[in-house]
Number of protein chains: 2
Amino acid sequence: MDHPEEFSRLLTEVADRAYLTTIAEDEYPHTRAILNLRNPSIYPHLADLFDEHRDDFLIYVATNTSSAKLRQVRSNARGSVYYCHPKRFRGVLLVGDVEIVDDGSVRRMLWTDGWEMYYPEGLDDPDYSVLRILPKYGTGWSGSERFEFAVGQA
Amino acid sequence: MDHPEEFSRLLTEVADRAYLTTIAEDEYPHTRAILNLRNPSIYPHLADLFDEHRDDFLIYVATNTSSAKLRQVRSNARGSVYYCHPKRFRGVLLVGDVEIVDDGSVRRMLWTDGWEMYYPEGLDDPDYSVLRILPKYGTGWSGSERFEFAVGQA
């Protein structure tokens, strides 16, 4: 594949959800579906933000402070996020360390109408947390062709 | 939740695909979409097989011998398979060690018309391999309710 980065970027935008994996305390990998904030059809107000991060493939995850993934990330930061085409055999995995973001401006920037369903107290709900991943590399598949690329090595 | 096992079993049957995670050599988790052989609408000829394994949640994965996941499993057996409802926020993760199955009768039992697309030489294609996971536990979500159950502890 000639342009795996561009192909992968599009995949992260077309996927209707994403799959975050972290390492549990027993060292087994735990995966769960997450909202795919990089999809500009679902989150149009975040499209410019992610456009500014075209080259570093920045990922944000909104999650419950009380969730297992936060506990897991505190003991082992290694994680990955998988995006795949809803219908075709195309997928990309972005791999890197998961950080917990304490910055209030980031929490505000990501906040989306309707999230009161997850965080009843709104933006200041103590159960609203944000995770950030700056991937080290990506790897994926287009049909049976496998590709891999480094991120942020410029 | 009163019957997490039964709920989880149904989820593994309704999901159109599954997500297998293994641990790569760099200790980061790698996830990829796999065919969900437990879905009886897609694989009716395998429904009886999985019905016999209702209680142990046996998972089989057909894959390429040359794939990264086989190499990863040889160096670290810890893995998990995630199933989620295609539309609703319901998912279950089955967690356990991944084994490579050398048994020819299992390869034959799982073989599905059309897999020549992945393994051109058919059933005896050296690139056709089978993985098996006998989960230790399951954990999942039904909306915002989290549940967990042990498997095979009877």
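Structure's up top.
The rules behind the values
- Residues numbered from 1 in each chain as written.
- Chains lettered and ligands numbered in written order.
- Predicted model: local features only at pLDDT ≥ 70, side-chain atom pairs only at ≥ 80, totals over all residues.
- Heavy atoms only, no water.
- Least-squares fit on C-alpha atoms with pLDDT ≥ 70 in both.
- Contact = heavy atoms within 4.5 Å.
- Buried < 20%, exposed > 50% of the residue type's maximum accessible area, 1.4 Å probe, protein only.
- Helix = DSSP H or I, 4+ residues; strand = E, 2+ residues; numbered from the N terminus.
- Arc of directions from axis to C-beta.
- Buried area = accessible area lost by both parts, 1.4 Å probe.
- Salt bridge = Lys/Arg side-chain N within 4 Å of Asp/Glu carboxyl O.
- Nonpolar A, V, L, I, M, F, W, Y, C, P; charged D, E, K, R; others polar.

## Describing the relation of the copies chain B and chain A
After a rotation of 180° and a shift along the axis of 0.0 Å, chain B superposes on chain A with an RMSD of 0.0 Å. Such values leave the two copies arranged in the relation of a two-fold axis. Relative to the rotation axis, the closest C-alpha in chain B is found at Pro29(B), a distance of 3.2 Å. Take the interface residues of chain B: 100% of them recur as interface residues in chain A, which is what a same-surface contact looks like.

## So, helix H1 (residues 4-14) of chain A
A turn of α-helix holds 3.6 residues, and therefore any two residues three or four places apart point the same way. All names here are of chain A. Of all the residues in H1, the buried ones are Pro4, Ser8, Arg9, Leu11 and Thr12. One side of H1 holds all its buried residues, which, seen down the axis, span an arc of 160°. As for H1, its buried residues are in contact with strand S4 (78-84), strand S5 (90-101) and strand S8 (145-150).

## Focus on the interface of chain B and chain A
Contacts between the two partners involve 34 residues from chain B and, on the opposite side, 34 residues from chain A. Here chain B meets chain A over a buried area of about 2,700 Å², counting both sides, of which 57% is carbon and sulfur. A salt bridge links Glu27(B) to Arg78(A), with the shortest nitrogen-to-oxygen separation between them at 3.9 Å. Going through the elements one at a time, strand S1 (17-23), strand S2 (29-35), strand S4 (78-84), strand S5 (90-101) and strand S7 (137-142) of chain B are the ones with two or more residues in the side of chain B that touches chain A. It is S2(B) that contributes the most residues to the side of chain B that touches chain A, six residues altogether. Counted by class, the side of chain B that touches chain A contains 16 nonpolar, eight polar and ten charged residues.

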